[in-house]
Amino acid sequence: MPELAHRRRTLVLAICCLSLFIVGLDNTIVNVALPSLQHDLHAPVNGLQWTIDAYTLVLASLLMLAGSTGDRIGRRRTFQTGLVVFVLGSALCGTAPSLGWLVAFRVLQAIGGSMLNPIAMSIITNTFTEPRERARAIGVWGGVSGVSMALGPIVGGALIDSIGWRSIFWINVPVGLAALVLTALFVPESKAPRARRPDPIGQLLVIVMLASLTYGIIEGPGAGWTSGKILGCFGLSAAALAALLAYEPRRADPLIELRFFRSAPFSGATVIAVSAFAGLGGFLFLNTLYLQDVRGLSPFFAGLYVLPIAAMTMVLAPRSGRLVGARGPRPSLVIAGVGLVAGGLLLTGLTTRTPTGLLITAYFVFGVGMAMVNAPITNTAMSGMPRDQAGVAAATASTSRQVGQSLGVALAGSLVSSGIHGSFRSGFASASHAGWWLVTAYGLVVLVLGIATTGRWARATAARAAERFSADDDAAQVAAGLARR
């Protein structure tokens, strides 16, 4: 791709950030809308869980496929396709006549969303070739993530109070259409010199594994944890995982590169990403229902309450990146783990009359934890990886975040559903205690692994994994050469 003028590169960055903005906004807006959906569509708790998880599950399943598709057929073309599908899904969500249709349209939204952020990051990486300028561009990208998270609860609450919950989906339509037109005008097409081949069997196994596991967790309280249907779901998920572990090493271009997991920093970063974002998913899900259904706050004021989480992300996330650059990932991960543990612990005794000051303190502390965790996840995931595999390693970390958020919502909602006795409003606060203890446990995992996978031993495993990678690739090239003879 030819070098673009500075103004054109800046415009490309702005267009890519638009996609991040609407996807990030959509996530936090939908959380604020859950009580309204519950009332208007007569949705049970498991229905609310599916409203979130139908999106995050599909997104997690298709992120890596979307990235390789963009490399193969063209990043701009894939990005534009994602915008069209996301806008269409958003418009349909805004007209959904029932919960079932809303969940189905959320799936369509997620298919489009999976083609936006990973492809936009690839476009940015290929547009900004100078390392320092690229770092600044990625910093802007991260800042937009914080802004979208900050505005989501406020914009969503204002829209829901004034127009209704359907407007939170309609807002994506004009922004998405503007991004579509601007992409056609200003974003150049690009492809990878050698694109990874598709892995349809691996892709199917990932979808079956995640979908059956999540279905079992969400539907378990209603169907019974020992029922044939639920046990069958868990068995199917385990079988799909076993098949994936057996099949992927035989692929030349696997969907999931299992050799990465020989590196302790990479394995730790993956589990940390799942744990941290499971904590975020559970935290937002439980908190939204508590503030609106138990405390009786309007969507707008519920959004104002959780603003400290987003504010900490905006303020501290860039500092976390600088701390990782100066001191390595361990200090950021320790702060993140302590913040998540403390935020969860403060809410384990939640009641219908918990003081507002305690709630705000918990949100601030939890926000510190989430603000500090993102930069070291990406850095640790790519620690010691071969440079030509860095993009795949980063995509795996991004997928882990989405998987974690899906499981966090599923587990938190199921614990609450199992613990509510009597009316929802009177029973929710005490039933949520198990969920808050679970959030605390996620933070403890982040803290322990943040220490264990960032030391000298862990770095040595990363170096050995990189050497094995090079040796395996050299052997494969020799074998290919002999086969051609």
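Residues numbered from 1 in each chain as written. Predicted model: local features only at pLDDT ≥ 70, side-chain atom pairs only at ≥ 80, totals over all residues. Heavy atoms only, no water.

## Details of the overall build of the protein chain
Secondary structure assignment for the protein chain yields 19 helices and zero strands. The dimensions of the protein chain, computed from C-alpha atoms along their principal axes, are 75 × 50 × 45 Å. For the protein chain, the residues scored as buried account for 54% of the 485 residues in total. Within the protein chain, counting contacts between residues at least 6 apart in sequence, those at least 24 apart form 83% of the total. Approximately 19,600 Å² of the protein chain is accessible, and the part contributed by carbon and sulfur atoms is 67%. Of the charged side chains in the protein chain, 36 are positive and 20 negative; the average position of the first set lies 5 Å away from that of the second. (Helix = DSSP H or I, 4+ residues; strand = E, 2+ residues; numbered from the N terminus. Buried < 20%, exposed > 50% of the residue type's maximum accessible area, 1.4 Å probe, protein only. Contact = heavy atoms within 4.5 Å. Areas by Shrake-Rupley, 256 points an atom, 1.4 Å probe, with all protein chains shown as cover. Lys, Arg positive; Asp, Glu negative; His and termini not counted. Charge placed at Lys NZ, Arg CZ, Asp CG, Glu CD.)

## A few points about the packing of aromatic side chains
Applying the stated criterion to the full structure yields nine aromatic pairs. Aromatic side chains phenylalanine 283 and tryptophan 436 sit 5.1 Å apart centroid to centroid with 75° between the ring planes, which places their arrangement in the edge-to-face category. Pair noted here: phenylalanine 283 is in helix H11 (residues 264-294) and tryptophan 436 is in helix H18 (residues 433-452), with a separation of 153 residues, a long-range link. Note on accessibility: phenylalanine 283 and tryptophan 436 belong to one class, buried. Here a set of aromatic residues connected by ring pairs shows up, and it is made of Phe283, Tyr363, Phe366 and Trp436. (Phe/Tyr/Trp six-rings, centres within 6.5 Å; stacked < 30°, edge-to-face > 60°.)

## Comments concerning empty space enclosed by the protein
Applying the stated criterion across every chain, the model contains one cavity of 30 Å³ or more. For the largest cavity, the calculated volume is near 140 Å³. The wall of the largest cavity is formed by 14 residues, among which Val32, Pro153, Leu284, Thr288 and Val306 lie closest to the centre. Going through the elements one at a time, helix H1 (6-40), helix H6 (131-162), H11 and helix H13 (307-327) are the ones with two or more residues in the lining of the largest cavity. The greatest single-element share of the lining of the largest cavity, amounting to five residues, is contributed by H11. (1 Å grid on protein atoms, 1.4 Å probe; cavity = no way out; pocket = protein on both sides within 12 Å on 5 of 7 lines; lining within 4 Å. Points joined across faces, edges and corners; volume = space filled by probe spheres on them.)

## Description of the nonpolar core
Judged by nonpolar contacts, the single largest core of 87 residues is most densely connected at Tyr363 and Val373. Broken down by element, the residue count for this core peaks at 13 residues, all from H11. Core analysis: the second largest hydrophobic core is formed by 28 residues, Cys16, Phe86, Ala120 and Val144 among them. (Core = buried A, V, L, I, M, F, W, Y, C linked by side-chain atoms within 4.5 Å.)

## Notes on the environment of threonine 356
With respect to the helices and strands, the residue threonine 356 is situated in helix H15 (residues 356-381). The exposure class of threonine 356 is partly exposed, given its relative accessible area of 35%. The spacing of threonine 356 and tyrosine 305 is 51 residues in sequence and 9.0 Å in space, taken between C-alpha atoms. Every residue in contact with threonine 356, bar those within four places of it in the chain, is listed here: Arg295 and Tyr305.

## Some remarks on H1
For H1, with 35 residues, the first-to-last C-alpha span of 49 Å sits near the 51 Å given by 1.5 Å per residue. The sharpest bend along H1 measures roughly 45° and falls at alanine 33, with the proline proline 35 sitting one to four residues further on. Counting buried residues along H1, 25 of its 35 residues qualify, which places the element largely inside the surrounding structure. Two residues or fewer after H1 comes histidine 42, characterised by a positive phi angle close to 55°. (Expected span 1.5 Å × (residues − 1). Bend = angle between axes of the 7 residues up to and from the residue.)

## Overview of the layout of surface pockets
With a probe scaled to a water molecule rolled over the atoms, the places where space remains empty come into view. Volume-wise, the second largest pocket comes out at about 620 Å³. Forming the boundary of the second largest pocket are 24 residues, of which Met209, Leu210, Leu241, Ile256 and Val403 lie nearest the centre. Only helix H2 (45-73), helix H9 (200-223), helix H10 (228-247), H11 and helix H16 (390-419) provide two or more residues apiece to the lining of the second largest pocket. A class-by-class count of the residues in the lining of the second largest pocket yields 18 nonpolar, six polar and no charged. (Nonpolar A, V, L, I, M, F, W, Y, C, P; charged D, E, K, R; others polar.)

## What to know about unusual backbone geometry
The phi dihedral of histidine 42 falls on the positive side, at around 55°, and the residue is not glycine. Within the secondary structure, histidine 42 sits in the loop between H1 and H2.

## What to know about the confidence of the model for the protein chain
Confidence along the protein chain averages 85 in pLDDT terms, with 90% of residues attaining 70 or more. Across residues 475-485, confidence stays below pLDDT 50; counting only partners more than four residues off in sequence or on other chains, it has zero contacts. (pLDDT = per-residue confidence, 0-100.)

## Side note on a nonpolar patch on the surface
A grouping of Val147, Leu151, Met314 and Val315 is seen on the molecular surface, where their side chains present a nonpolar patch of about 280 Å² in accessible area. Counting residues per element, the ones that place at least two in the nonpolar patch are H6 and H13. Topologically, valine 147 is positioned in helix H6. (Patch = residues over 30% accessible without salt bridge, like charges linked within 9 Å, V, L, I, M, F, W, Y side chains within 5 Å. Salt bridge = Lys/Arg side-chain N within 4 Å of Asp/Glu carboxyl O.)

## Focus: the side chain of serine 332
Summarising the element assignment, serine 332 is placed in helix H14 (residues 329-346). By relative accessible area, which is 0% here, serine 332 ends up buried. Not counting chain neighbours up to four residues away, the residues in contact with serine 332 comprise Ser320, Leu323, Val324, Met372 and Pro376.

## Quick word on the packing of H9 against H10
Between H9 and H10, the shortest axis-to-axis distance is 8 Å and the interhelical angle comes to 160°. Taken together, the axis directions place H9 and H10 in an arrangement best described as roughly antiparallel. Between H9 and H10 the crossing geometry is left-handed. Of the residues in the contact of H9 with H10, the class split is 18 nonpolar, five polar and two charged. (Axes fitted to C-alpha atoms, helices over the stretch in contact; angles between N-to-C directions. Parallel < 35°, antiparallel > 145°, perpendicular 65-115°, else oblique. Left-handed = near helix turned anticlockwise from the far one by under 90°.)

## Here's the deal with helix H4 (residues 99-113)
Counting along an α-helix, one turn takes 3.6 residues, and residues three or four places apart therefore face a common direction. Between its first and last C-alpha, H4 extends 20 Å over 15 residues, near the 21 Å set by a 1.5 Å rise per residue. Taken as a whole, H4 has its buried residues at Leu99, Leu102, Val103, Phe105, Arg106, Gln109, Ala110, Gly112 and Gly113. Along the axis of H4, the buried positions cluster into a sector of 165°, meaning they face one direction only. Buried residues in H4 make contact with H1, H2, helix H3 (75-93), helix H5 (117-127), helix H7 (167-170) and helix H8 (172-186). (Arc of directions from axis to C-beta.)

## What to know about the pattern of salt bridges
Under the definition given, this model contains two salt bridges. One salt bridge connects aspartate 199 with arginine 251, and the closest N-O pair in it is separated by 3.6 Å. Linking aspartate 199 in the loop between H8 and H9 with arginine 251 in the loop between H10 and H11, this pair joins segments that are 52 residues apart in sequence. Take aspartate 199: its relative accessible area is 4%, and that puts it in the buried class.

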